[in-house]
Amino acid sequence: MANTSSAKKKIRVIGRKTIVREMHRSKVKTLIKNVESLILKKDQKSASDMLKKIEPKLQASKNKNIFSKSKISRIQKNLNSRIVKINKK
């Protein structure tokens, strides 16, 4: 249990940041799922357009320490390669 005023404040701050980060993570995951659903529908044009729209949000989540840099690059690489494979099949 925190027993100084600064430690008690830190607990409150961490609680607020946790809620905000969870909301942001949820929004980004939803956007990724939307792109994946377009990939499954074999709609390459709209999937690539949607991916271009969410890339700034992915980078912002990296800056806000929601996801790590490597996870963001892995997500982008996987989505890009799946979009490119749509026409090859």
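In the block above lies the structure referred to throughout.
Definitions and limits used
- Position numbers for residues start from 1 in each chain and track the written sequence from start to end.
- With the structure being a predicted model, the display of local features is reserved for residues of pLDDT at least 70 and the display and counting of side-chain atom pairs for 80 or more, all residues being used for whole-chain, interface and lining totals.
- The side-chain values count all of the structure's non-hydrogen atoms but skip hydrogen atoms and water molecules.
- Secondary structure counts use DSSP, requiring at least four H or I residues in a row for a helix and at least two E residues in a row for a strand, with both numbered from the N terminus.
- We compute the radius of gyration over the C-alpha atoms and compare it with the globule rule, which gives 2.2 Å times the number of residues raised to the power 0.38.
- Relative accessibility thresholds used throughout: buried, under 20% of the residue-type maximum; exposed, over 50%; partly exposed, between the two (1.4 Å probe, protein chains only).
- With residues, only the protein chains shown are counted as cover, and all accessible areas are computed by Shrake-Rupley using a 1.4 Å probe.
- Counted as positive: Lys and Arg. Counted as negative: Asp and Glu, with His and the chain ends omitted from the count.
- Working definition for charges: the position is that of NZ of Lys, CZ of Arg, CG of Asp or CD of Glu.
- In this description, a nonpolar core means a group of buried Ala, Val, Leu, Ile, Met, Phe, Trp, Tyr and Cys residues linked to one another through side-chain atoms lying within 4.5 Å.
- Whether two residues are in contact is decided by their heavy atoms, any of which lying within 4.5 Å being enough.
- A patch is a set of surface residues, each over 30% in relative accessible area and not in a salt bridge, joined within 9 Å for like charges and within 5 Å for the nonpolar side chains Val, Leu, Ile, Met, Phe, Trp and Tyr.
- Any carboxyl oxygen of Asp or Glu within 4 Å of a side-chain nitrogen of Lys or Arg constitutes a salt bridge here.

Visitor: Could you give me a rundown of the overall build of the chain, with the residues and numbers involved?
Guide: Scanning the chain from N- to C-terminus turns up 3 helices and 0 strands. The C-alpha radius of gyration of the chain comes to 18 Å, more than 25% above the 12 Å expected for a compact globule of 89 residues. Its C-alpha atoms give the chain principal-axis dimensions of roughly 65 × 20 × 20 Å. Within the span of the chain, comprising 89 residues, buried residues form 24% of the whole. Surface accessibility of the chain: about 6,700 Å² in total, with carbon and sulfur atoms responsible for 55%. Counting 27 positive and 5 negative side-chain charges, the chain places the averaged centre of each group 10 Å from the other.

Visitor: Explain the nonpolar core to me, using residue names and the numbers behind them.
Guide: The biggest cluster of nonpolar side chains holds 16 residues, and the ones touching the most others in it are I32, V35, I39, I54, L58, L79 and I83. Of all elements in the fold, only helix 1 (5-40), helix 2 (44-63) and helix 3 (69-88) reach the threshold of two or more residues within this core. Look past the residues within four positions of L79 in its chain and what remains in contact with it is I32, V35, E36, I39 and L51.

Visitor: Any chance you could break down a positive patch on the surface for me, citing the residues and the numbers?
Guide: Residues K10, K17, R21, R25, K29, K33, K71, R74 and K77 make up a contiguous surface patch of positive charge. Within the secondary structure, R74 is located in helix 3.

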